[in-house]
Amino acid sequence: MAETVTRLIGDIGGTHARFALCNPGGLPREERKLMVAEHAGLVEAAAEYLQGRRVQEAVFAVATPVLGDEVAFTNSPWRFSIRAAEAALAVDRLVIINDFVAQASAVPLLQGEDLAPLKEGTARQGAPRLVIGPGTGLGVAFLIDQGGRPRVLPSEGGHASFAPQDEEQDALLRHLRQHHGGHVSAERAVSGPGLLAIAQYLAAQAGDGAPRFADPHDVSAGAERGCPVSLQAISLFCGLLGGVMGNLALSLLTEGGVYLTGGLSRALRPLLDRDALQRGFTSKGRFGALLQRIPVTQVVRPHTGLLGAAAYHI
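The notes below deal with the structure included here.

Cut-off values and rules
Residues numbered from 1 in each chain as written. Predicted model: local features only at pLDDT ≥ 70, side-chain atom pairs only at ≥ 80, totals over all residues. Heavy atoms only, no water. Helix = DSSP H or I, 4+ residues; strand = E, 2+ residues; numbered from the N terminus. Contact = heavy atoms within 4.5 Å. Polar contact = N/O pair within 3.5 Å; in protein donor to acceptor, adjacent residues only side chain to side chain. Pairing = 2+ DSSP bridges. Axes fitted to C-alpha atoms, helices over the stretch in contact; angles between N-to-C directions. Salt bridge = Lys/Arg side-chain N within 4 Å of Asp/Glu carboxyl O. Buried < 20%, exposed > 50% of the residue type's maximum accessible area, 1.4 Å probe, protein only. Phe/Tyr/Trp six-rings, centres within 6.5 Å; stacked < 30°, edge-to-face > 60°. Lys NZ or Arg CZ within 6 Å of the ring centre and 35° of its normal. Core = buried A, V, L, I, M, F, W, Y, C linked by side-chain atoms within 4.5 Å.

**Quick look at the environment of leucine 307**
On the secondary structure map, leucine 307 appears in helix 11 (residues 304–311). In sequence terms leucine 307 and glutamine 51 are 256 residues apart; their C-alpha atoms lie 22 Å from each other. Leaving out residues up to four positions away in the same chain, leucine 307 has contacts with Leu27, Pro28, Ala106, Leu109, Leu110 and Arg301.

**Comments concerning the side chain of serine 191**
Here serine 191 shows up in the loop between helix 4 (167–180) and helix 5 (192–206). Of the polar contacts made by the side chain of serine 191, one reaches the backbone oxygen of glutamate 187; its length is 2.6 Å. Of the polar contacts made by the side chain of serine 191, one reaches the backbone nitrogen of glycine 194; its length is 3.0 Å. Not counting residues within four places of it along the chain, the set of residues in contact with serine 191 comprises Pro134, Gly135, Thr136, Gly137, Phe237 and Leu264.

**Description of the sheet that holds strand 8 (residues 115–119)**
The six strands are arranged 8-13-12-9-10-11 in an open sheet whose pairing can be described as mixed. Across the chains shown, the open sheet's two edge strands, defined by having one partner strand only, are strand 8 and strand 11 (149–155). The average undirected angle you get between the axes of adjacent strands in this sheet is 25°. Here six bridges tie strand 9 (residues 129–134) to strand 10 (residues 138–146), and the two strands are oriented antiparallel to one another. Each residue of the ladder has a partner; that of arginine 129, found in strand 10, is leucine 143. Along the sheet face, helix 9 (residues 274–282) touches strand 8, strand 12 (258–260) and strand 13 (296–299) and points at about 65° away from the line of strand 8.

**A few points about the pattern of salt bridges**
Per the stated rule, a full pass over the model turns up seven salt bridges. We note a salt bridge from arginine 29 to glutamate 30, for which the minimum N-O separation is 3.8 Å. By relative accessible area, which is 28% here, arginine 29 ends up partly exposed. The partly exposed category is assigned to glutamate 30, whose relative accessible area is 42%. Notably, a salt bridge pairs arginine 124 with glutamate 255, separated by 3.3 Å at the nearest N-O pair. With arginine 124 in the loop between strand 8 and strand 9 and glutamate 255 in the loop between helix 7 (228–252) and strand 12, this residue pair connects regions lying 131 residues apart in the sequence.

**Some remarks on the side chain of serine 155**
Looking at where serine 155 falls in the secondary structure, it is placed in strand 11. Side-chain polar atoms of serine 155 contact the backbone nitrogen of glycine 157, separated by 2.9 Å. Apart from residues no more than four positions distant in its own chain, serine 155 is found in contact with Val140, Ala141 and Phe142.

**What to know about the packing of aromatic side chains**
Per the counting criterion, the structure on display carries four aromatic pairs. A ring pair is formed by phenylalanine 19 and phenylalanine 60, whose centres lie 5.9 Å apart and whose planes are at 80°; its orientation type is edge-to-face. With phenylalanine 19 in strand 2 (residues 16–22) and phenylalanine 60 in strand 4 (residues 54–62), this pair connects stretches of sequence that are 41 residues apart. The pair phenylalanine 19 / phenylalanine 60 is uniform in exposure class, with both members buried. Pairing phenylalanine 73 with phenylalanine 80 gives two aromatic rings, centres 6.3 Å apart and planes at 40°, and the pair type is tilted. Ring pairs connect the aromatic residues Phe19, Tyr49 and Phe60, which therefore count as one cluster. When the ring centre of tyrosine 49 is taken as reference, the NZ or CZ atom of arginine 53 above it lies at 5.2 Å.

**A word on the pairing of strand 2**
For strand 2, the tally of buried residues reaches five of seven residues, placing the bulk of the element in the interior. Here strand 2 runs beside strand 3 (residues 29–35); their pairing, made up of five bridges, is antiparallel. Note that in strand 3 the partner of histidine 16 across the bridge is methionine 35. Between strand 2 and strand 3, which pair antiparallel in sequence order, lie six residues; one of them, glycine 25, sits at a positive phi of approximately 70°.

**Quick look at the nonpolar core**
Residues Ile132, Met245 and Val258 are the most contacted members of the largest nonpolar core, which totals 52 residues. For this core, the element with the most residues is helix 7, which contributes 12 residues. Apart from residues no more than four positions distant in its own chain, isoleucine 132 is found in contact with Phe100, Leu138, Gly139, Val140, Leu241, Val244, Met245, Leu248, Val258, Tyr259, Leu260 and Thr261. The next biggest cluster of nonpolar side chains, apart from the first, holds 26 residues, and it includes Phe19, Tyr49, Ala85 and Leu94.

Function cannot be inferred from these measures alone, as they are strictly geometric.
Encoded structure:
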């Protein structure tokens, strides 16, 4: 007889689909990462993970807005009907949430070594918090206090317009417009593909003899070797990330703090230009002093999307 477990959880991005199992109130177990490009769709990937095991319910965090029964991923060709997927997986209930709803749902559960400071500050008790993470795209969500319990507000702030803060960023925006048309979103620069685009732009500016970049990993590997173009790219990326964080922090006055999450940020952690990030965050004219008080914390625990999907109340 097939094994019966309570909940299948998934954190589905543009590149990877991570699955795990959990019991009520429990932690994820039996985690496995699958490549999105190697599977026809969500149902097929989940079925490969389950290998015939029966689950009663499933919660999947997806890297796209959840606006109805039809779900289409922003940065991958996958699309599905929630009700059809529920039937195909033979679960009593399938719940689909935005991936950063899951990331934000995990934040109240984190403690100690799960977190590392990026910018000092003093969080105001009960104030809104911002959760943000560059990856294949740029995920954003907010946490607010509702009667002493955290409530997640979904956001697609990563698709708001990229707002340059100096002449160098102006020039980068003009370059990105050549590839993306009139509207250039923040995630076109503040993401894994954005880091690659920044490095390629700077290499072209440097001229003959500059390194070639084909993948975001080329940029981080170059920075580890001391490549000037790679280091400049990461510094510019950090300034842009700080600028986006500051814009969003002002949008909801997230005096409870800012949380930077995701695998890209963890991989870049030893290379992050904290000064550039802090300058980008606080360079908001008359409101710089307010932002100076807000702490920025990095989530260093991996796979917090699965933790949030496990904790999500359905």
